[in-house]
Structures are given as C-alpha cells and as structure tokens.
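Now for the letters of each chain:
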Amino acid sequence: QKCLHALKMHQPAGYREGITSFLFTDDQTIQQLNAEWRGKDKATNVLSFPTGDFPSLPGQPILLGDIVFAYGVCAGEAAEKHISVADHLCHLIVHGLLHLMGYDHVHEEQAEKMEALEIDLLSYLSIENPYNMDKCP
C-alpha cells in the first residue's frame, strides 16, 4: 500500500489509476512464464503484463495489467543484499507498476530514467537506493 501511495503522490509520466492484479508464485511457475512470454528460460523476480489499449467500461477503472512475483527469487535476492523481503518487494512492485505505465529498461537511456524514478519513489518510502547494491530487477 505504501508503494502505491508513493506513485500516487509523485504521479510520474504515464501515471494512471486503475486495477492491477498481483500474483505471488513459485520460481518454477515464473520460469515457465518468462520462457513463454520473453523467451528467457530462467526464473526471474518479477514480470509485468500490461493490458495495453484494452478498453474499460464507461465509468469503470481502467485495467493496467498483471504483475507476477517469484517468492524464492525475491527472498534470495533480499538475503544477498541484506535487506528485508518487504523492502525488496516494495521495490519490485514499484518496478512492475512503472512497466505497466510504459517505462522500460531495454536501452541505456530508458534504464537510467526508470532507475532514477525508482530511486526517487523508494526514497520517499525511506527505502535505500537499490541500485547502490548489485543490479536486481
């Protein structure tokens, strides 16, 4: 809830209120999703699936998309970084929601913009810069 509040308070470009589903799953399931949708046959910490231009009903909230988290990967990364799972998960929620808003990190310039926004949003929540540690999402 804190993560969503930070986004609402800062309203980055592309910000829109809407409905997002969160799925917390195991590493094997996210590996299968990653292989199917991204062609990468490995477990990852988070995947975002934006709905794109899916129309919403008049007067109803828009559907932003789905975010899937792998608990094992997330817990392992948090342990490696010596941070709480809650703080790491908050970072991944922000990261996933930014993807649903159109942000990406495929190219260097995009990555720098997205990381700077993540750092700003997380600092608002008193969470340390996750990019001062080993790269994660």
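Draft legend 1. How the structure looks around the confidence of the model for the protein. Looking at the protein, pLDDT values average 86 and 82% of them are 70 or higher. Within the protein, the element-level pLDDT minimum falls on helix α1 (residues 2–10), averaging 66, and the maximum on helix α2 (residues 27–38), averaging 96.

Draft legend 2. Representation of the nonpolar core within the structure. Among the nonpolar cores identified, the biggest contains 20 residues, and Ile67, Phe69, Leu97, Leu98, Tyr103 and Leu122 are the most heavily contacted of them. Of all elements in the fold, only β3 (62–70), α4 (85–100) and α5 (108–124) reach the threshold of two or more residues within this core. The element contributing the most residues to this core is α4, with seven residues. Beyond its immediate stretch of four places on either side in the chain, leucine 122 contacts Cys90, His91, Val94, Ile127 and Pro130.

Draft legend 3. Fine view of the sheet that holds strand β1 (residues 18–25). Reading across the sheet, the three strands line up as β1-β3-β2 and stay open at both edges, with mixed pairing between neighbours. With one partner strand each, in any of the chains shown, β1 and β2 (46–50) form the two edges of the open sheet. On average, each strand axis in the sheet is inclined to that of its neighbour by 15 degrees, with strand direction left out of account. Here β1 pairs with β3 via eight bridges, running parallel. Across the sheet, the residue bridging to threonine 25 is alanine 70, located in β3. Contacting β1 and β3, helix α3 (residues 71–81) crosses the sheet at an angle of about 65 degrees to β3.

Draft legend 4. Summary view of the layout of surface pockets. Of the pockets and cavities examined, the largest pocket occupies roughly 440 Å³. Along its surface, the largest pocket is lined by 19 residues, and Arg38, Val46, Leu47, His99 and His105 are the ones closest to its centre. For the lining of the largest pocket, the elements supplying multiple residues, two or more each, are α2, β2 and α4. Looking at which element gives the most residues to the lining of the largest pocket, the answer is β2, with five residues.

Draft legend 5. Region of the structure containing the environment of threonine 44. The topology assignment puts threonine 44 in the loop between α2 and β2. Since its relative accessible area comes to 15%, threonine 44 is described here as buried. Sequence separation between threonine 44 and aspartate 27 is 17 residues, and the spatial gap between their C-alpha atoms is 7.5 Å. Sequence-distant contacts of threonine 44, that is, excluding residues within four places in its chain, are made with Ile30, Asn34, Ala70 and Val73.

Basis of the calculations
Residues numbered from 1 in each chain as written. Predicted model: local features only at pLDDT ≥ 70, side-chain atom pairs only at ≥ 80, totals over all residues. Heavy atoms only, no water. pLDDT = per-residue confidence, 0-100. Helix = DSSP H or I, 4+ residues; strand = E, 2+ residues; numbered from the N terminus. Core = buried A, V, L, I, M, F, W, Y, C linked by side-chain atoms within 4.5 Å. Buried < 20%, exposed > 50% of the residue type's maximum accessible area, 1.4 Å probe, protein only. Contact = heavy atoms within 4.5 Å. Pairing = 2+ DSSP bridges. Axes fitted to C-alpha atoms, helices over the stretch in contact; angles between N-to-C directions. 1 Å grid on protein atoms, 1.4 Å probe; cavity = no way out; pocket = protein on both sides within 12 Å on 5 of 7 lines; lining within 4 Å. Points joined across faces, edges and corners; volume = space filled by probe spheres on them.

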